[in-house]
Every structure is written in structure tokens, then in C-alpha cells.
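Spelled out from the first residue to the last, the chains are:
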Amino acid sequence: MRTHRKAAAVLAACALVAVAGCSSSGGKEANEDTSKDGGGGVPAATERLKIAMVTHSGEGDTFWDIVQSGAKVAAKKDNVEFLYAANKEGKEQAQLVQTYIDQKVDGIIVTLAKPEAVGAVVKKAVAAGIPVVTINSGAEFSDALGALSHIGQDEAVAGEAVGEELNKRGKKKALCVIHEQGNVSLEARCAGVKKTFKGTVENLNVEGTNMPASTSSIEAKLQSGKDIDSVVTLGAPFAAASVKAKSGAGSKAEVNTFDLNAEVVKQLKAGEIGFAVDQQPYLQGYLAIDELWLNKTNLNVIGGGKPVLTGPALVTEKDVPTLEKLTADGTR
């Protein structure tokens, strides 16, 4: 596994968490226990806090199950009641944040995939005295909105890493599949690929909540673009759709993807995917809870207010033996 530049900054964050006792909605309920308790079984001897997370997840996006897994483990350790809600539409996501402001929770974790829709309510939470940590998307907007910090990968840097890897693999034309129009992080990923890739990149927007339609769109593009030798998907579920589309189109394009889950690891092992970009979603959920708890109980700010990077790291078939169990457990 190769960690790209800047990603090592997260080590400093982990060190801070250790001092304090550190030991994309999915299909699971928010308060379901995970298989790993990670906190020694004894909650922190601090006041019971209530922390809410609101994301832009679409229905069935398993990426967010992994984020929640990390958050739940940290919540159990920190004596926190963890609440979760999601909506892929920015307006509805903002309304969910407002609901938690009205409940006077002790902290809010939020994604900024559509900052123009969510930004105002984030400022409202901060003005109400509720600390906010942003995760996953919209890092460049976090500080201006008053958040303590942002936890996630630098999407542009991640895209640049993909472009560099495609160069090493001798690719000439890439198809970058965007599964949610208007998501600033997805657009930044494709822009990053274009910046460093010596070949050409064509973006393809698909209907991310309709997997059969997404598969058909990718297949049609591969049929008409026989010179496409690489497909870059921006979420793990769309890697499988691209593998299927590649077969239907009779294409020889290599499929690569952002994000990791058990299915992607299987596809890496089978040679169906060339490489994946891991942004460690488990760590995003875990550190976000920990930061709000540390700030409430000890006035700490992880990363000194700067973005805390959890990726990117490039994963290939060589990493499969060490990742199979972890992805099966839902922590990677």
C-alpha cells in the first residue's frame, strides 16, 4: 500500500488521540453495535454527550456503513450517544442539521459535498454554540464556516495520485465516472486526474442511485469509445458496475476506483480491478467523534485546526492478503 504525499499528516492526529486514551446512508441502522468494540469495553468517565452525524449518502451506499462503524466504536469508548442521518440532496441534508440544532446536541459532524446548500446551517450551528467537525468532502469550505477542523483526504491530491498511477501503467485515455452531479469532491477528483495524467480524460455523469442505469451508461460509452483504456470510478459500488459494463461492451479498459470495501478487495484479488484509492472512511468517523469529545472535555483541536488527512493510499492486489479480513469486518 502506497500512501501519497500529505497523507502522513494523519499520524499526528492519531498520536493526539492516543494521549487521550485511543485504543458513502448505508444499509445498517445508526445505533447498531459493530463487531469490534475497540474501546476496552469501559466507556470514558466523562459526562454523557450526544453527537450527531449528517452525511450526503445516497440510499444503500456502503461507504457510509464504514464511516459509521468507526464513529460507533469511538462513541462507545467516549461515552457518547451517536445519532446518524443522511440525504443526498443538499436542501434535505441542511434540514437534518437544523433538526439536530433544535435538539441541542453536543456536537455535529457534517459533510460538505454541496456547501452552497449546507453552509448556512453549519454557520447557524456554530453560532448556537454547537461545535462542528466536517468530514469527507468540502475541506476548502470548512474553516470559513467555523468548523473546528476537517477530516478526510485532499480530493485534488487523490485525483493527482490516480493520474500519476495511470501514467505508470501506460494508459492513454481515461473515463472518469461521476455518480453525483454537483458534488464538489467528486469533481475535484476528476480534475486532479486531469492535472497529472499525460493522456486524455473524459468525464461521464451517471445516475448514481440507479445502478442498472449507471451500468448501461458506462457500457454505452465503452462501446462508442474503443480507445478508452482506463475507467476511473469515484465510489466502490461503481467499480462493480464498470466491471460488468466492460464485459458487456467487450472492452479491454482497466477498471480502477476510489474507495475500498470487501467487494473491491475481491475484485483486486481476481484481477478485475487494477488499483483502488483508500481514504480510510473508518478513521474519518472515529476521529470526528474523538475530536468533538476531546474538544468538549479537554479543549483539544486535532490537527491544530488544519485538515487532518486520512488518505489517499493506493491499494493493489499485493495488499489483498492484509486487507481481506479488515474489509470483511467492515473497518476498511
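Quick note: structure is the one above.
Since this is a predicted model, take the numbers as computed values, not measurements.

### Some words on the overall build of the protein
Regarding its fold elements, the protein presents 12 helices and 13 strands. Counting the 332 residues in the protein, one finds 55% classified as buried. Total accessible area on the protein is roughly 13600 Å²; 51% of this is exposed by carbon and sulfur atoms.

### A look at the packing of aromatic side chains
Taken as a whole, this structure holds three aromatic pairs when the rule is applied. With a centroid separation of 6.5 Å and an interplanar angle of 40°, the aromatic rings of Phe82 and Tyr84 are classed as tilted. For the pair Tyr282 and Tyr286, a centre-to-centre distance of 6.3 Å together with 25° between the ring planes defines the contact as stacked. Taken as a pair, Tyr282 and Tyr286 lie in helix 11 (residues 281-298) at a separation of four residues, close to a single helical turn.

### Focus on the packing of helix 3 (residues 90-102) against helix 4 (residues 115-127)
The geometry of helix 3 relative to helix 4 is characterised by a closest axis approach of 8 Å and an angle of 10° between their N-to-C directions. Considering the angle they form, helix 3 stands roughly parallel to helix 4. Contacts from Gly90, Lys91, Gln93, Ala94, Val97, Gln98 and Ile101 in helix 3 reach Ala117, Val118, Val121, Lys124 and Ala125 in helix 4. Of the residues that constitute the contact of helix 3 with helix 4, the class distribution is seven nonpolar, three polar and two charged.

### Description of the environment of Ala288
Considering the arrangement of structural elements, one finds Ala288 in helix 11. Residue Ala288 is classed as buried on the basis of its relative accessible area of 0%. Considering only alpha carbons, one finds Ala288 and Gly107, 181 residues apart in sequence, at a separation of 9.8 Å. Setting aside residues no more than four positions away along its own chain, Ala288 makes contact with Ile109, Val133, Ile135 and Ile151.

### Here we look at the pairing of strand 5 (residues 132-135)
Side chains Val132 and Thr134 project from strand 5 onto one buried face, and the interleaved Val133 and Ile135 project onto a second face that is buried too. Taken together, the four bridges between strand 4 (residues 107-111) and strand 5 define a ladder with parallel strand orientation. Looking at strand 5, one finds that Thr111 is bridged to Ile135. Handedness of the crossover joining strand 4 and strand 5 through helix 4 is recorded here as right-handed. Note: strand 5 against strand 6 (residues 150-152), two bridges, orientation parallel. Pairing of Thr134 across the sheet is with His150, part of strand 6.

### Points about helix 7 (residues 184-196)
One full turn of an α-helix is made of 3.6 residues, so residues set three or four places apart face in the same direction. Look at helix 7: 19 Å from first C-alpha to last across 13 residues, which is about the 18 Å you get at 1.5 Å a residue. Restricting attention to buried positions, one finds in helix 7 the residues Ser185, Leu186, Arg189, Cys190, Gly192, Val193 and Thr196. The buried residues of helix 7 occupy an angular sector of 155° when projected down its axis, which confines them to one face. A side-chain oxygen of the first residue of helix 7 lies 3.0 Å from the backbone nitrogen of Ser185; this N-cap is Asn183.

### As for the sheet that holds strand 2 (residues 49-55)
Overall, parallel pairing links the six strands, which are arranged 3-2-4-5-6-12 in an open sheet. Taken across any chain shown, the strands that pair with only one partner, and hence form the sheet edges, are strand 3 (80-86) and strand 12 (308-309). Taken together, the seven bridges between strand 2 and strand 3 define a ladder with parallel strand orientation. Note that in strand 3 the partner of Ile51 across the bridge is Phe82.

### A word on the pairing of strand 9 (residues 230-233)
Residues Ser230 and Val232 of strand 9 are buried on one face, and the alternating residues Val231 and Thr233, pointing to the opposite face, are buried as well. Summarising the sheet, strand 7 (residues 173-178) and strand 9 pair through four bridges and their orientation is parallel. Across the sheet, the residue bridging to Ala174 is Ser230, located in strand 9. Of the pairings in the sheet, the one linking strand 9 to strand 10 (residues 254-258) comprises four bridges and is parallel in character. Paired with Val231 across the two strands is Val255, which belongs to strand 10. Of the crossover connections in this fold, the one passing from strand 9 over helix 9 (residues 236-249) to the parallel strand 10 is right-handed.

### Here we look at the pattern of salt bridges
Counted under the stated rule, the structure contains 15 salt bridges. In this structure, the salt-bridge partner of Arg169 is Glu165, at a minimum N-O distance of 2.9 Å. Given a relative accessible area of 28%, Arg169 falls into the partly exposed group. A residue is classified by how much of its surface remains accessible, and Glu165, at 6% relative accessible area, is buried. Where Arg332 meets Asp278, a salt bridge forms, and the shortest distance between an N and an O atom there is 2.4 Å. Here Asp278 lies in strand 11 (residues 276-278) and Arg332 lies in the segment after helix 12 (320-328), a separation of 54 residues in the sequence. Residue class for Arg332 comes out buried when judged on its relative accessible area of 16%. The class for Asp278 is buried, based on a relative accessible area of 1%.

Calculation rules
Residues numbered from 1 in each chain as written. Predicted model: local features only at pLDDT ≥ 70, side-chain atom pairs only at ≥ 80, totals over all residues. Heavy atoms only, no water. Helix = DSSP H or I, 4+ residues; strand = E, 2+ residues; numbered from the N terminus. Buried < 20%, exposed > 50% of the residue type's maximum accessible area, 1.4 Å probe, protein only. Areas by Shrake-Rupley, 256 points an atom, 1.4 Å probe, with all protein chains shown as cover. Phe/Tyr/Trp six-rings, centres within 6.5 Å; stacked < 30°, edge-to-face > 60°. Axes fitted to C-alpha atoms, helices over the stretch in contact; angles between N-to-C directions. Parallel < 35°, antiparallel > 145°, perpendicular 65-115°, else oblique. Contact = heavy atoms within 4.5 Å. Nonpolar A, V, L, I, M, F, W, Y, C, P; charged D, E, K, R; others polar. Pairing = 2+ DSSP bridges. Right-handed = clockwise from strand over helix to strand, strands pointing away. Expected span 1.5 Å × (residues − 1). Arc of directions from axis to C-beta. Polar contact = N/O pair within 3.5 Å; in protein donor to acceptor, adjacent residues only side chain to side chain. Salt bridge = Lys/Arg side-chain N within 4 Å of Asp/Glu carboxyl O.

Spatial relationships are all this shows, so hold off on functional conclusions.
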